[in-house]
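The primary structure of each chain is shown beneath.
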Amino acid sequence: MVETKGPTGPPHGPAPSLWPLGFAIGLTVALVGLVLGSWSTVAVGAVLLLAFGFVWARDVATGHGAPPVVDEPLAPGPESARHTVPLRSDRDADALPVMEDEEIETYPRSAFLSLSTLGLGGVITGIVAAPVTVFAVGPAFVGQGEEEVDIGPLDDYPEGNFIVATFLARPDEGEVSRRTAYVRNNGVVDGRPSLTILSNRCVHLGCPVQVNGLSLEGQKKTVEVPEGPTVELTPTEAASGFGCPCHGGQYDTEGNRTAGPPVRALDRFRYKIRDGRVILTSSYSVGEVDGQGAEAVIKAYDLAMPSVHVDGPEAILYPFEPPH
Amino acid sequence: MATTAPRRRRRQSKLQQAVDIPLDWLEERSGLVGATKYFLFRKVPRDSSWWHTLGSATLTAFLVQAGTGLILAFYYKPDPDKAYESIQHITNDLTLGWLVRGMHRWGASVFIILMFFHMARVFLFGAYKYPRELNWIVGVLILVTGMLEGFTGYLLPWDQTSYWATVVGININASAPFLGPFIAQFLRGGAEIGTDTLSRFYALHMLAVPGALFGLIGLHLYLVIRLGVSSPPWSSEGAGRDRAEVKPTGRAGLTRGRRV
Amino acid sequence: MSSAQDERRAGFERYKEDVENEGKPFFPYAMFHDTVMSLVVVSVIVGLACVWYFTADGTEPGLIGPHYVEEADPGTTSFIPRPDWYFYFLFYLLRIFKWPESVVLGTVGVPTILMILMFALPFLDRSRERRLLRRPVAVVAAVLTAVSMGVLTYKGATARESLGSEAVAAVDAWSSQQGGFDETQRSGAEVFAQVGCLQCHIYLGSGSANVGAPELSDYGSTTQRTIEQTAAYIRNPAEFGNTVMPPFPGLEDAGVLDDVAQFLHASSGATGDG
């Protein structure tokens, strides 16, 4: 504000002047020309530089001279400054009485201002928050589907006992997708092989369930699969069911809950046989299994999270299941 | 003799000026010096004692967590393929990495224990009563947020314990009626604990939850300074004691019948 | 209502006056105590870190736990998850709610109620009384909370789980504590350790007590059954009216059922050098 007072300002305040601005533009043009290697641009810049430099220097040399601003159509500085400065001080001086007089008149305007301030703030928040929130939450709820997983030749699953198969559910994601299934070959029924494939995640809270039986670690073997790392198969013997070490859930050999807190039977995998190999296609949740092996009647439901009731009266507590 | 004393005085006043000038500069522009002076020299009840140190001890434990956590973030890699290795690297290879990781690991336990002790103290003193109700609520929020910090941090070493404890922890959330499965899915960033889960937990543990903690602790301290701390309820010279009442006898409280 | 509120306000005004007139400056009088306490806290943290680091070695636990356990294996079949100690109470609570219908009470119900109570405390207890002996309800609530949290945390900390591989390694110790197993009993013990018995039964400090199963350390010296009856019981407990314990017909198929019965009848509690 001090400079804009022009001749009435303090003795050492320079008069308002646009010459330095032109000088700076000339300097910039010349430098850009140098960087670009364009000599004509450098020349234009140099001309501007010299011309504005000359008039600026002349003004300075003549003791700030008559304010050149008068000649400048683009300089509203002193004009408005001369008006606003006294006006502002006027208002400052009698600010309080003016406000009291105009209180009623200004009230609607301030209501409008406060409303629009809040509204604009809300708009800004919305513009930023909406995409961020959607991005934070959304990807988790895009169903990724399930990939088909090859878990080796059917011949590697001899009839009768459970085989512990560990495999990568999504080979491209690596070890973080390693899963374990308990696979039992029930023999050929109606010309088609029948398998019972149980997930090893406890349906209480997701701990790894263990075979209540003898795990024959010595007979462990690895099977090559076309895509992704190997599948490990460990045979078991005398399995009487499955147990969860965390909170004591017990399951029978069909995955039915027999004791403890699990809310349903163990989840299962759907499968198909392609070129003599076992392919897991998707998994599903099970309310209850009637019967044994190939004859089992399975109450199947969409895959649910552990601890979620899929049937019975408690199922009403879990009406929605996010997509998988 | 006569000349040394004024010289020393002059030197002292110069020193005083060297301290005062920047402080005055700061005070004139921010008022921070006055605020600090108010904080330091405000009066507290004369019978405040060791009991009242649990809060600041908790704050110290939190600051240790903030400092060590920041430095651990220099070296930790929140990626399922690298996290475990980087934890081993920090513990075994880096200079004093074991100490910083150890302080962060055990500092978490100390922080939680101290929060419980502090809370128990406030409960036993009845210090949550008028006008300090809001500060109790903020304190409970700090406790919950602190335990959330413990939960999100437990996954980061990516060893068996941390992985499976997190599986169970997330499924505990999933068991909540109606919205539970959605909360679980949000925490995991998908249907299973996958590649995104670890970085999600890391971001929460490093930024979101500590940020909330800093804010809540700031509010907590503001309220402590504004409202003051309660005298021990058994104190015979407690601030705000009832004057009209007769001096409490031995049975009238856990009294210390020293003097009235 | 309003008079109680006035009283509270007057009390706080008196508090402010008393602090103004009788109080001491925070610095250095109170802050000295704070600083000493903070020094203690930092020393404890550094001390714990040192004890932890210098007594443990990688995955080998020292006095207060290992530096880290094995890398996460989402496909494992032989790992037992544990939370950090301050969630032990919840961990054990989940074992207490052992019926499917009540899972949600343990996971969400009880913690939510506790949290609501904590938030609501200043509104539940609005009296001005702060002396403990005049706050009987508060004292009882505090003692109950402390005791139940303490017990749950202790139970969670000492809860043992069975891992087939670990239990098999304990067979030698069992043998010496039970006065020596012969070959059959030893084979039975190894089967017993692996087939999941210890998920519900405790045997000489291994395993965990779940779903009401009895401890089996002294089965042989206390049971009325013959070895054959014991074998039949294990094969199908439902015949004896026990529908909680799963049947183990597979053991007979594998020819080890009798070994397990022999092993159990050789168990008479810790009579050896244990």
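Our subject is the structure that appears above.
All of the points below concern the structure found in this document. Just so we're clear, the structure is a prediction, and the values are computed from it rather than from any experiment.

1. A look at the nonpolar core
Consideration 1: If you look at the biggest cluster of nonpolar residues, it comprises 100 residues, and the most contacted ones within it are Y182, V209 and F242 of chain A together with Y76, W136 and W158 of chain B.
Consideration 2: At 13 residues, the largest contribution of residues to this core is made by helix α5 (residues 97-125) of chain B.
Consideration 3: Grouped together as the second largest cluster of nonpolar side chains are 30 residues, Y203, Y233, L264 and A266 of chain C included.

2. Remarks on the state of the cysteines
Residues and elements named next belong to chain A.
Consideration 1: For the structure on display, the rule yields one disulfide over all chains.
Consideration 2: The disulfide bridge from C207 ends at C246, spanning 2.1 Å between sulfur atoms. Every disulfide takes its handedness from the sign of the S-S torsion; for C207 and C246 that torsion is -95 degrees, giving left-handed. Highlighted residues: C207 in the loop between β4 (192-199) and β5 (210-211) and C246 in the loop between β9 (242-243) and β10 (250-251), separated in sequence by 39 residues. Residue C207 shares its accessibility class with C246, and that shared class is buried.
Consideration 3: Free cysteine: C202, not disulfide-bonded; nearest cysteine sulfur from C244 at 3.7 Å.

3. Things to note about the interface of chain B and chain C
Consideration 1: Between chain B and chain C, the residue contacts involve 88 residues of the former and 78 residues of the latter.
Consideration 2: Summed over both sides, the interface between chain B and chain C buries roughly 7,900 Å², with carbon and sulfur atoms accounting for 67% of that surface.
Consideration 3: Taken as a group, W106, Y130 and Q160 of chain B account for 9% of the area that chain B buries against chain C, more than any other trio of residues on that side.
Consideration 4: Put simply, chain B and chain C have four salt bridges between them.
Consideration 5: Measuring nitrogen to oxygen at the nearest pair gives 2.6 Å for the salt bridge that ties D242 of chain B to R14 of chain C.
Consideration 6: Connecting chain B to chain C are 35 residue pairs in polar contact (both at pLDDT 80 or more).
Consideration 7: Mapped onto the side of chain B that touches chain C, the elements with two or more residues apiece are α2 (32-41), β1 (43-44), α3 (54-75), α4 (83-92), α5, α6 (133-154) and α7 (160-174) of chain B.
Consideration 8: For the side of chain B that touches chain C, the element with the most residues is α5 of chain B, which contributes 17 residues.
Consideration 9: Taken together, the residues that form the side of chain B that touches chain C break down as 51 nonpolar, 22 polar and 15 charged.
Consideration 10: Sheet topology places β1 of chain B next to strand β1 (residues 24-25) of chain C; two bridges connect them, and they run antiparallel. Looking at the pairing, V44 of chain B lines up with K24 of chain C of β1 of chain C.

Thresholds applied
- Residues numbered from 1 in each chain as written.
- Chains lettered and ligands numbered in written order.
- Predicted model: local features only at pLDDT ≥ 70, side-chain atom pairs only at ≥ 80, totals over all residues.
- Heavy atoms only, no water.
- Core = buried A, V, L, I, M, F, W, Y, C linked by side-chain atoms within 4.5 Å.
- Buried < 20%, exposed > 50% of the residue type's maximum accessible area, 1.4 Å probe, protein only.
- Helix = DSSP H or I, 4+ residues; strand = E, 2+ residues; numbered from the N terminus.
- Disulfide = S-S within 2.5 Å.
- Contact = heavy atoms within 4.5 Å.
- Buried area = accessible area lost by both parts, 1.4 Å probe.
- Salt bridge = Lys/Arg side-chain N within 4 Å of Asp/Glu carboxyl O.
- Polar contact = N/O pair within 3.5 Å; in protein donor to acceptor, adjacent residues only side chain to side chain.
- Nonpolar A, V, L, I, M, F, W, Y, C, P; charged D, E, K, R; others polar.
- Pairing = 2+ DSSP bridges.

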